[in-house]
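# Chain and residue survey
Residue-level listing of the chains:
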Amino acid sequence: MIKKTLYFGNPAYLSLRMEQMVIRLPEVENNDNVPDIIKKQSVATRPIEDIGIVVLDNRQITITQGLLEALLENNCAVITCDSRRMPVGLMLPLCGNTIQSERFQDQITASLPLRKQLWQQTMKAKIYNQARVLAICAQTETRCMMKWSTEVKSGDTDNMEARAAAYYWKNFFSGISGLETFTRNRDGQEPNNLLNYGYAILRAVVARALVSSGMLPTFGIHHHNRYNAYCLADDIMEPYRPYVDEIVYGMVREYGADNLQLHKEAKARLLAIPATDVVIGGKRSPLMVGVTQTTASLYKCFSGEARLIAYPER
């Protein structure tokens, strides 16, 4: 079952009662002009077991320790946002698997050749998916990218990822007026803001799945930034990024290059990323379920039970 993503963008009081998240809206409860019957209806509950991600996007949100404990015990990811309403923090459970210590050991002791082979698979899948999305969205020639995806060496020593990314972003929005010279940069022009938000949601989904599979999101197969607590999540999310790109492309087409702020509708569409369809091994499933398949297969590679990571194909 796919877990729900709950977004809170207004003042709220969130608490726990009988394994249910209780949602109260103080702006409604404290408003004397609102009828009592409406105030009672403004209190909502959600089963904890149904929640996968919670996004807190308002400085006037209060959440109880009891609720946080229940969410984390049920492997929920909690995202907090900054004053610009961009995701800035991620809280995950410390323990997500019954044999976690054993799995940590398999992950940490994985040989360098194995990690290089896993990165090779990851980059092949990413470049292939980028090529497919570029062809679908921008209708751009992608034979070169398809070729690069087959030429990725162990560890991507020839840096095919960078070559493919340069071609991909040069052409991705080139057919849209006002974005002919778009550059992918975290702090760059819109729609970088939409991409950043979508990637943050994707990162939370992947990190949550890694913890559920009993692995350390910090210890990557390629990324090794001493200040990054989610190196492995950043590795494994790479082939999934094009799914976010495709969603953002559709939004840009619909809204136009001059209306790409993170408004309510834009956030709602990006928060639906966990429910986006992906295909793994010929079978269709929601992205959140697909990511779980990916992380489960990754652990099998670490333990020697398998040689291939189950990545999606666009």
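This is a predicted model, so every value here is computed, not measured. (Residues numbered from 1 in each chain as written. Predicted model: local features only at pLDDT ≥ 70, side-chain atom pairs only at ≥ 80, totals over all residues. Heavy atoms only, no water.)

## A word on the overall build of the chain
Keep this limit in mind: Secondary structure elements follow DSSP: runs of H or I of four or more residues count as helices, runs of E of two or more count as strands, with numbering from the N terminus. Under the scheme applied here, a residue whose accessible area is under 20% of the maximum for its type counts as buried, over 50% as exposed, and between as partly exposed, the area being computed with a 1.4 Å probe on protein chains only. Residue-level accessible areas treat just the shown protein chains as cover; the underlying method is Shrake-Rupley with a 1.4 Å probe. Counted as positive: Lys and Arg. Counted as negative: Asp and Glu. His and the chain ends are not counted at all. For charged residues, the charge sits on one atom: NZ in Lys, CZ in Arg, CG in Asp, CD in Glu.
Summing up its helical and strand segments, the chain has twelve helices and ten strands in all. If you line up the chain on its principal axes, its C-alpha atoms span 65 × 55 × 35 Å. Expressed as a percentage of the 314 residues in the chain, the buried residues total 49%. Here the chain has roughly 15,400 Å² of accessible surface; of this, 49% comes from carbon and sulfur atoms. Of the side-chain charges in the chain, 36 are positive and 32 negative, and the distance between the mean point of each set is 3 Å.

## Re the sheet that holds strand S4 (residues 44-47)
Rules: Any two strands with at least two DSSP bridges between them are considered paired. Comment: axis = line fitted to C-alpha atoms, over the contacting stretch for helices; angle = value between 0 and 180 degrees taken between N-to-C directions. Should any heavy atoms of two residues lie within 4.5 Å, those residues are considered in contact.
Spatially, S4-S3-S2-S6 is the arrangement adopted by the four strands of the open sheet, whose pairing is mixed. The open sheet has two edge strands with one neighbour each: S4 and strand S6 (61-63). Adjacent strand axes in the sheet meet at a mean angle of 20 degrees, parallel and antiparallel pairs treated alike. As judged from the five bridges shared by strand S2 (residues 12-17) and strand S3 (residues 20-24), these two strands associate in the antiparallel manner. In the sheet register, Ser15 faces S3, and the bridge partner there is Val22. Across the sheet, helix H3 (residues 65-73) is in contact with S2, S3 and S6; its angle to S2 comes to roughly 65 degrees.

## Some remarks on the sheet that holds strand S1 (residues 4-8)
Taken in spatial order, the four strands make up an open sheet running S1-S5-S7-S8, and their pairing is mixed. Every interior strand has two partners, whereas the edge strands, S1 and strand S8 (87-91), have only one. Across the sheet, the axes of successive neighbouring strands diverge by a mean angle of 20 degrees, strand direction being ignored. Here S1 pairs with strand S5 (residues 51-56) via five bridges, running parallel. The residue of S5 that forms the bridge with Leu6 is Val54.

## Observations concerning the side chain of Asn58
What counts is decided by this rule: As used in this structure description, the phrase polar contact means that two N or O atoms lie within 3.5 Å; if the pair is within protein, one of them must be able to donate a hydrogen and the other to accept it, and residues adjacent in sequence are counted only when both atoms belong to side chains.
Positionally, Asn58 belongs in the loop between S5 and S6. A polar contact of 2.7 Å, which involves the side chain of Asn58, links it to the backbone nitrogen of Gln60. Not counting residues within four places of it along the chain, the set of residues in contact with Asn58 comprises Phe8, Gly9, Asn10, Pro11 and Arg85.

## Let's talk about the packing of aromatic side chains
Note on aromatic pairs: each is described by the distance of the centres and the angle between the planes. For clarity, the threshold we go by: For this analysis, a ring pair means two rings from Phe, Tyr or Trp (six-membered ring only for Trp) whose centres lie within 6.5 Å, classed as stacked if their planes differ by under 30 degrees, edge-to-face if by over 60, and tilted for the remaining angles. Over a ring means this: the NZ of a Lys or the CZ of an Arg is within 6 Å of the ring centre and within 35 degrees of the ring normal.
Counted under the stated rule, the structure contains eleven aromatic pairs. Between the aromatic rings of Phe173 and Tyr249, the centroid separation amounts to 6.0 Å while the plane-to-plane angle is 15 degrees, which identifies the pairing as stacked. Within this pair, whereas Phe173 is found in the loop between helix H7 (160-172) and helix H8 (192-212), its partner Tyr249 is found in helix H10 (residues 241-255), the two being separated by 76 residues in sequence. This pair shows no difference in class: Phe173 is buried, exactly as Tyr249 is. Connected via pairs of aromatic rings, a cluster forms that spans Tyr168, Trp169, Phe172, Phe173, Phe182 and Tyr249. When the ring centre of Tyr299 is taken as reference, the NZ or CZ atom of Arg103 above it lies at 4.0 Å. Just above the ring of Tyr199 sits the side chain of Arg241; from NZ or CZ to the centre is 4.5 Å.

## Looking at the environment of Ser154
Looking at where Ser154 falls in the secondary structure, it is placed in the loop between helix H6 (143-150) and H7. Judged by relative accessible area, Ser154 falls into the partly exposed class, the value being 31%. On a C-alpha basis, the gap between Ser154 and Asp106 in space is 20 Å, while along the polypeptide they are 48 residues apart. Beyond its immediate sequence surroundings of up to four residues, Ser154 is in contact with Pro113, Lys116, Gln117 and Gln120.

## Topic: the pairing of strand S7 (residues 77-81)
Among the five residues in S7, four count as buried, and that is most of the element. Where S5 and S7 come together, four bridges link them in parallel fashion. Its bridge partner lying in S7, Ile53 is registered against Ala77. Here S7 runs beside S8; their pairing, made up of four bridges, is antiparallel. Within the sheet, the bridge partner assigned to Thr80 lies in S8 and is Gly89. With antiparallel pairing between neighbouring strands as the criterion, S7 and S8 make up a hairpin whose turn holds five residues, including Arg85 at a positive phi of roughly 70 degrees.

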